[in-house]
Amino acid sequence: MKATPDTLPAHATSGPIGPIEIALPIAGMTCASCVNRIERFLNKTPGVTEASVNLATEVATIRYLPDAAGRDDLVHAIEAAGYELKASAARSDEEQAASSALAFEPDAEAVARAREQHELGLQSAVAIAVSLGIMALMFWPQTVVAMTDLNKIVLFPATFVQFWAGRRYYESAWRAARHRGTTMNTLVAVGTSAAWIYSVFVTLWPDVIVAAGREPVTFFDSGTVIIGLISLGKWLEARAKGETTGAIRRLIGLQAKSARLVRGDEEIDVPLEQVQPGDLLRVRPGEKVPVDGLVVEGVSAVDESMLTGEPIPVDKAAGDEVIGATINTTGTFVMRATRVGRETALARIVELVQRAQGSKAPIQRLADRISGIFVPVVLAIGLATFLAWFVAGPEPRLTLALISFITVVVIACPCAMGLATPTAIMVGTGRGAEAGMLVRGGEALERAHRVSAAVLDKTGTLTLGKPAVADIVAVDGLAARDLLDLAGSVEKGSEHPIGAAILARAREEELGFLSLGGFTAVAGHGVEGWVLQGDMERHVVAGNPRLMADHGVDLAPVAGAAEAAAVAGRTPVYVAVDDRLAGMLAIADPIKPEAADAVQRLTARGVEVWLVTGDHRPTAEAVGREVGIAPEHVMADVLPGDKAAKVAELQARGLVVAMVGDGINDAPALAQADLGMAIGTGADVAIEASDVTLVGGDPRGIAGALALSAATMRVIRQNLFWAFAYNVVLIPVAMGVLYPFVGITLNPAMAAGAMALSSVTVVTNSLRLRGFDPRR
């Protein structure tokens, strides 16, 4: 797992500022060669550490050092490559910062895409209609005079289509040519221009053609049908690409539009962007929770399926957290807003999914490398094909040579190669988000399906992560109530879940309020401190056997009770007062009902399942038995800092390891693992530094994420196979390799149709992932 470096404010450090990231929408990209060219120009810019361009989203994601480069430098590099930013990216940094404080803005990009889609649809319809009309006229009596007259009739509509519907291809080709580059649109512009120029010459000077012994045949129909079919393909492609972003639109659509603000005895409806942290809001049955916050009054059940993927509503009462865009089902409650606008869980999830959809998987590198030289090579092949037919082909040599040249440059489509990976990643990560599985990017999505071992942390992964005191055993003449009072008082300084459980039990009995001083937390072992009991200051130590041994405490008086607790899967916490054993608290953390099924699903996928915990072995093995993990795969008595070493041991055996934990305490192990997976519930999990975040806390999502990765990679391989096979097979056919054997050549119109079909096929194949349910 690779963590994203934090960016500190300028005033927070006197040293160099770390890399920051920016996403810039780019206009004019058409194929994988465009992607490759822009990335090369950006990566050559001083200060840029990494640049990734996504053809499907038309966005460049750039990491750069602000001390060495600025936004203007990045824009200049994009322009130098022959492209420009979309209008929506022209806002100043101040405007963008101001908008980020509000709720989600209307999707201006969606409006622009809809407008372009409408233009493509109109242009393709007109171009195809004109080409059909020209083809119909070809059935007119074919004398030389009639052919000359027909050519003059179709000259104007064909020219109109060439420069109206074909304008986008000329503009793109010209931008690339100005910077000594080529794109897919270069092929379209060159091919259709060759057909149009020759046809115009035949129409205006037919005598020259007749004198040369050739019939005045034109290719107006070929040029117009090529433009029409390619525009139709782009229209279909744009519609399909729009569907790949459906997950983002559905997530944004979940957001409430207004909130009921409580001000004293008055309640008023206000637009969502007016809600501020600290505001009191009333949520009635059937309404969406407007923002993230805490319940302060009332009881209800909230449907959190949009966040967790689980359909069962969760009970909420005073003090419980509620998440914006979830749905209140039964009761009415008042909540206090804690996070609004782009700080809400939903906003962060949307940002994470957008980032993932704009990322690039390593498997795409081959396609990018090929596309960088693809268009110039195709132009060279087309020219060689023309010369071969013109020099050695049968009559009419010029006509056949020109047709073959046009067919070669039109049929070669690097667009499918550019769309093969990003469209699958967009659909796959979006589908995962809808199921409560947040994948950080394409690299993580590609890596997940190769996982061969999963190391599961116990607390919060296989257990509910809500430990409670199940039993109290006091010795040395101490009452159980006094033992709990001392233990609860010393645990006041602890942030560990077990410490919180002891303190919670003490507070239930109105204990744990003794003064605490000299507190020390011993990582992975327990706590100690000085507790004032009456007039006496007592040295209290609470923790595991290792901590007791360090203080010379004999545990024999509670050995039987500790063993029984361990066999039951409970964690014994020993308490010593003034270096004498005072008793033991048995801590129970119920195992999740889904834990055993989660382990079984991983095992069925051929994944080795390991349990890692700081508990001593009897407790750890008891949990392992209950969920189906073999004793030899249980790693017990492991300190938080040593979990990374355990992961490394498995990696040294050649295993691809996924570490599953809470994403905070297990950070070193998550970083060491090939795939880091954070599991839990609540708003903060959306921003954990992990490769995959399972929002709902259901451990079955571990296998689901691996299955999602496998399904996505399967689609990517299918797409890449189709994209490469298409060119490998059809370019030679377009050159005419079959003509000497079976007398078959390709028509330019068929080439245009095949080119359009290749891109649509790739995107449509990616859309099949929308039907994949990783939870099953």
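Keep in mind the model is a prediction, meaning the values are calculated, not measured.

Peer 1: Quick question: what am I supposed to make of empty space enclosed by the protein here?
Peer 2: With a probe scaled to a water molecule rolled over the atoms, the places where space remains empty come into view. Counted by the stated rule, this structure contains 3 cavities of 30 Å³ or more. Within this model, the largest cavity holds a volume of roughly 70 Å³. Surrounding the largest cavity, 10 residues form its lining, Lys 234, Glu 237, Met 755, Ala 756 and Ser 759 being those nearest its centre. Taken together, the elements giving at least two residues each to the lining of the largest cavity come down to helix H9 (220-244) and helix H28 (748-767). Of the residues forming the lining of the largest cavity, the biggest block, 4 residues, is contributed by H9.

Peer 1: Sorry if this is basic, but what is going on with the environment of Gly 654 here?
Peer 2: Within the secondary structure, Gly 654 is located in the loop between helix H24 (643-652) and strand S24 (657-661). For Gly 654, a relative accessible area of 60% puts it in the exposed group. Measuring from C-alpha to C-alpha, the distance between Gly 654 and Ala 453 comes to 10.0 Å, with 201 residues separating the pair along the chain.

Peer 1: What is the right way to read the nonpolar core from this model?
Peer 2: For soluble globular proteins, nonpolar side chains are generally found buried alongside one another. In terms of nonpolar packing, the biggest core is built from 129 residues, with Met 29, Ile 38, Leu 42, Ile 62, Val 410, Leu 675 and Met 677 touching the most fellow members. For this core, the leading source of residues is helix H26 (residues 700-735), giving 15 residues. Setting aside chain neighbours within four positions, we find Val 410 in contact with Gly 191, Ile 226, Ile 230, Pro 748, Ala 751, Ala 752 and Met 755. Judged by nonpolar contacts, the second largest core, of 22 residues, contains Ile 472, Ile 502, Ala 542 and Val 577.

Peer 1: It is not clear to me how the pattern of salt bridges should be interpreted in this structure. Could you clarify?
Peer 2: One side chain can pair with another of opposite charge once the charged atoms of both are near each other. The tally for this structure, following the rule as stated, stands at 26 salt bridges. Here Glu 267 and Arg 282 are joined by a salt bridge, their closest N and O atoms 2.5 Å apart. In this pair, Glu 267 sits in strand S6 (residues 266-271) while Arg 282 sits in strand S7 (residues 280-283), placing the two residues 15 residues apart along the sequence. Note that Glu 395 is salt-bridged to Arg 397, the shortest N-O span being 3.2 Å. A single network of salt bridges, built from pairs that share partners, joins Arg 260, Glu 267, Asp 269 and Arg 282.

Peer 1: What should I look at first to understand helix H6 (residues 167-178) in this one?
Peer 2: An α-helix turns once per 3.6 residues; consequently, residues spaced three or four apart project the same way. The end-to-end C-alpha distance of H6 is 16 Å, a good match for the 16 Å that 12 residues give at a rise of 1.5 Å each. Looking only at H6, the buried set comprises Tyr 169, Ser 172, Ala 173, Arg 175 and Ala 176. Taken end-on, H6 shows its buried residues confined to a sector of 160°, consistent with a single buried face. In H6, those exposed residues whose orientation departs by more than 90 degrees from the buried face are Arg 167, Trp 174 and Arg 178. Once H6 finishes, Arg 180 follows within two positions and takes phi at roughly 60°, a positive value.

Peer 1: What exactly am I supposed to notice about the sheet that holds strand S26 (residues 692-694) here?
Peer 2: Across a sheet, strands are paired by hydrogen bonds formed along the backbone, either parallel or antiparallel in direction. Read across the open sheet, the 7 strands follow the order S14-S26-S25-S24-S15-S22-S23; overall the sheet is mixed. The sheet is open, and its two edges are formed by strand S14 (437-439) and strand S23 (634-635), each paired on a single side. Examined bridge by bridge, strand S22 (residues 608-612) and S23 share 2 bridges and lie parallel to one another. From the neighbouring strand, Leu 611 faces S23, where its bridge partner is Val 634. Packing against the sheet, H24 makes contact with strand S15 (453-457), S22, S23 and S24, and its axis sits at approximately 155° to S24.

Peer 1: Explain a nonpolar patch on the surface to me, please; I cannot follow it from the model alone.
Peer 2: A surface patch of nonpolar side chains, amounting to about 480 Å² of accessible area, comprises Val 737, Leu 738, Phe 741, Val 742 and Ile 744. The topology assignment puts Phe 741 in helix H27 (residues 739-742).

Peer 1: Could you clarify how one ought to interpret the side chain of Arg 63 in this entry?
Peer 2: By the secondary structure assignment, Arg 63 is in strand S3 (residues 59-64). Among the polar contacts listed, one links the side chain of Arg 63 to the side chain of Glu 21, at a separation of 3.4 Å.

Peer 1: Before we go on, may I ask you to explain the sheet that holds strand S13 (residues 333-339) in this structure?
Peer 2: Across the sheet, which stays open at both edges, the 6 strands sit in the order S6-S5-S7-S13-S8-S11 with antiparallel pairing between neighbours. One side of each edge strand has no neighbouring strand; the edge strands of this open sheet are S6 and strand S11 (321-322). Pairing of strand S8 (residues 292-298) with S13 involves 6 bridges; the strand directions are antiparallel. Looking at the pairing, Val 295 lines up with Met 335 of S13.

Peer 1: Help me understand the environment of Ala 56, please; the structure alone is not making it clear to me.
Peer 2: Summarising the element assignment, Ala 56 is placed in the loop between strand S2 (48-54) and S3. With 181 residues separating them in the primary sequence, Ala 56 and Glu 237 have C-alpha atoms 9.9 Å apart.

Peer 1: How do you make sense of the packing of aromatic side chains when you look at a structure like this?
Peer 2: Pairs of aromatic rings are described using the distance from one ring centre to the other and the angle between the two planes. The tally for this structure, following the rule as stated, stands at 9 aromatic pairs. Geometrically, the ring pair formed by Phe 386 and Phe 405 is edge-to-face, given 6.5 Å between the ring centres and 80° between the ring planes. Here the residue Phe 386 occupies a position in helix H13 (residues 365-392), and Phe 405 occupies one in helix H14 (residues 397-411), the gap between them amounting to 19 residues. A residue is classified by how much of its surface remains accessible, and Phe 405, at 12% relative accessible area, is buried. Ring centres of Trp 722 and Tyr 726 lie 6.2 Å apart, and the angle between their planes is 45°; on these two criteria the pair is classed as tilted. In this pair, Trp 722 and Tyr 726 both sit in helix H26, 4 residues apart, roughly one turn of the helix. For Trp 722, a relative accessible area of 31% translates into the label partly exposed. Overall, Tyr 726 belongs to the buried group, its relative accessible area being 3%. Taken together, the aromatic side chains of Phe 163, Tyr 170 and Trp 196 make up a single cluster linked through ring pairs. Lys 44 extends its terminal NZ or CZ atom over the ring of Phe 41, reaching a point 4.8 Å from the ring centre.

Peer 1: What is the right way to read the packing of H26 against H28 from this model?
Peer 2: When two helices pack together, their arrangement is given by the angle between their axes and by how far apart the axes lie. For the pair H26 and H28, interaxial distance at closest approach is 9 Å and the crossing angle is 170°. The angle between the axes of H26 and H28 places the two elements in the roughly antiparallel class. Across the interface between the two elements, Val 715, Gln 718, Asn 719, Trp 722, Tyr 726 and Leu 730 from H26 touch Ala 751, Ala 754, Met 755, Ser 758, Thr 761, Val 762, Asn 765 and Ser 766 from H28. Within the contact of H26 with H28, the residues separate by chemical class into 8 nonpolar, 6 polar and no charged.

Thresholds, definitions, all that
- Residues numbered from 1 in each chain as written.
- Predicted model: local features only at pLDDT ≥ 70, side-chain atom pairs only at ≥ 80, totals over all residues.
- Heavy atoms only, no water.
- 1 Å grid on protein atoms, 1.4 Å probe; cavity = no way out; pocket = protein on both sides within 12 Å on 5 of 7 lines; lining within 4 Å.
- Points joined across faces, edges and corners; volume = space filled by probe spheres on them.
- Helix = DSSP H or I, 4+ residues; strand = E, 2+ residues; numbered from the N terminus.
- Buried < 20%, exposed > 50% of the residue type's maximum accessible area, 1.4 Å probe, protein only.
- Core = buried A, V, L, I, M, F, W, Y, C linked by side-chain atoms within 4.5 Å.
- Contact = heavy atoms within 4.5 Å.
- Salt bridge = Lys/Arg side-chain N within 4 Å of Asp/Glu carboxyl O.
- Expected span 1.5 Å × (residues − 1).
- Arc of directions from axis to C-beta.
- Pairing = 2+ DSSP bridges.
- Axes fitted to C-alpha atoms, helices over the stretch in contact; angles between N-to-C directions.
- Patch = residues over 30% accessible without salt bridge, like charges linked within 9 Å, V, L, I, M, F, W, Y side chains within 5 Å.
- Areas by Shrake-Rupley, 256 points an atom, 1.4 Å probe, with all protein chains shown as cover.
- Polar contact = N/O pair within 3.5 Å; in protein donor to acceptor, adjacent residues only side chain to side chain.
- Phe/Tyr/Trp six-rings, centres within 6.5 Å; stacked < 30°, edge-to-face > 60°.
- Lys NZ or Arg CZ within 6 Å of the ring centre and 35° of its normal.
- Parallel < 35°, antiparallel > 145°, perpendicular 65-115°, else oblique.
- Nonpolar A, V, L, I, M, F, W, Y, C, P; charged D, E, K, R; others polar.

In short, the description is geometric, and any link to function would need to be established separately.
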